[in-house]
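Single-letter residue listing:
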Amino acid sequence: MKLCRVAGNVVATVKHPGFHGHKLMIVQPLDERGTDAGATFLAVDLVQAGPGDTVLVMQEGNGVRQILKAEKLPIRSVIVGVVDAVTT
Amino acid sequence: MYLGRVLGTVVASRKAEGLGGVPFLFVQPVDAKLVAVGEPQVAADATRTAGPADLVYLVGAREASMALDETFVPVDAAIVGIVDQVNRESP
């Protein structure tokens with residue numbers, strides 16, 4: 001899983017039905033000090049995260065299908081937690 | 001999942017089984033600032049309505065084929081949405 005900051009969101013009307021009812025966020029990967037590390041990507045929000053929140057992002061489709069109880073779903077990245085603190 | 005800008009269309013008349021009728025588009029992955037990231041790639045268009053210059057979002061790996069009607073087919077990137085708006089926090 002990756003530590004990320006929510007950097008915004010994406011709105012789409014035409015989309016695969018699997019994305020209906022889900023909020024799609026832009027996430028910025030972070031390093032252990034909280035600084036940006038790598039390119040932004042998109043993740044479905046399952047925990048009501050907001051802009052600026054530090055979150056935990058899973059990038060693995062099988063886990064997503066398990067959480068959303070779906071057999072076939074074209075979703076690969078999901079926000080699974082809002083992070084309170086990171087200690088190093 | 002990631003954002004991409006459609007560059008053009010790709011036509012292949014001879015394709016692997018299960019890929020018949022699936023449109024392919026040439027896509028440049030972009031970041032939240034819509035700046036190109038990495039190399040352009042060919043993606044199956046699961047929305048069937050995307051076209052050149054459209055901003056889209058894609059899913060990669062095994063999940064790409066799950067966006068298509070036939071879900072056990074050899075693709076590794078699929079367009080799953082056409083972006084209307086990108087809301088980005090300022091930093």
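Just so you know, these numbers come straight off a predicted model, no measurement behind them.

Here's the deal with the overall build of chain B
Line of reasoning, step 1. Of regular secondary structure, chain B possesses one helix and five strands.
Line of reasoning, step 2. Reading chain B from its N end, one meets helices and strands in the order β-β-β-β-α-β.
Line of reasoning, step 3. Against the 2.2 N^0.38 benchmark of 12 Å for 91 residues, chain B shows a C-alpha radius of gyration of 13 Å, consistent with a compact globule.
Line of reasoning, step 4. Oriented by its inertia axes, the alpha-carbon framework of chain B measures out at about 45 × 20 × 20 Å.
Line of reasoning, step 5. In chain B, which comprises 91 residues, the share counted as buried stands at 37%.
Line of reasoning, step 6. The contacts in chain B between residues at least 6 apart in sequence include a share of 50% that link residues at least 24 apart.

Some remarks on the interface of chain A and chain B
Line of reasoning, step 1. Contacts between the two partners involve 26 residues from chain A and, on the opposite side, 30 residues from chain B.
Line of reasoning, step 2. Of all the secondary-structure elements, those providing two or more residues to the side of chain A that touches chain B are β1 (2–15) and β3 (41–45) of chain A.
Line of reasoning, step 3. No other element matches β1 of chain A, which puts nine residues into the side of chain A that touches chain B.
Line of reasoning, step 4. For the side of chain A that touches chain B, the per-class residue count stands at 15 nonpolar, eight polar and three charged.
Line of reasoning, step 5. When β1 of chain A meets strand β5 (residues 77–88) of chain B, the two strands line up antiparallel, connected through six bridges. Opposite Lys-15 of chain A, over in β5 of chain B, you have Gly-81 of chain B as the bridge partner.

Observations concerning the nonpolar core
Nonpolar side chains tend to gather and get buried jointly when the protein is soluble and globular.
Line of reasoning, step 1. Counting residues in hydrophobic clusters, the biggest one holds 47 residues, and the most contacted among them are Val-27, Leu-42 and Ala-43 of chain A together with Tyr-57, Leu-58 and Ala-78 of chain B.
Line of reasoning, step 2. When residues in this core are grouped by element, the largest group, five residues, is from β5 of chain B.
Line of reasoning, step 3. In contact with Ala-43 of chain A, other than residues within four places in its own chain, are Met-25, Val-27, Val-57, Ser-77, Val-78 and Ile-79 of chain A together with Met-1 of chain B.

Description of the pairing of strand β1 (residues 2–10) of chain B
Line of reasoning, step 1. Bridge analysis of β1 of chain B against strand β4 (residues 55–60) of chain B gives four bridges, and the strand direction is antiparallel. Counterpart to Gly-4 of chain B in the pairing with β4 of chain B is Val-56 of chain B.

Thoughts on the confidence of the model for chain B
Line of reasoning, step 1. Confidence in the prediction of chain B, expressed as mean pLDDT, is 95, and 98% of residues score 70 or more.
Line of reasoning, step 2. Here the complex is predicted with pTM 0.93, and the ipTM for its interfaces comes to 0.90.

Comments concerning the environment of Val-82 of chain A
Residues and elements named next belong to chain A.
Line of reasoning, step 1. Assignment of secondary structure puts Val-82 in strand β5 (residues 77–82).
Line of reasoning, step 2. With 34 residues separating them along the chain, Val-82 and Gln-48 place their C-alpha atoms 8.5 Å apart.
Line of reasoning, step 3. Those residues in contact with Val-82, other than ones at most four positions away along the chain, are Val-47, Ala-49, Asp-53 and Val-55.

So, how was this worked out
- Residues numbered from 1 in each chain as written.
- Chains lettered and ligands numbered in written order.
- Predicted model: local features only at pLDDT ≥ 70, side-chain atom pairs only at ≥ 80, totals over all residues.
- Helix = DSSP H or I, 4+ residues; strand = E, 2+ residues; numbered from the N terminus.
- Rg over C-alpha atoms; globule rule 2.2 N^0.38 Å.
- Buried ≥ 20, exposed ≤ 12 C-beta atoms within 10 Å, placed from the backbone.
- Contact = placed C-beta atoms within 7 Å.
- Nonpolar A, V, L, I, M, F, W, Y, C, P; charged D, E, K, R; others polar.
- Pairing = 2+ DSSP bridges.
- Core = buried A, V, L, I, M, F, W, Y, C linked by C-beta atoms within 7 Å.
- pLDDT = per-residue confidence, 0-100.

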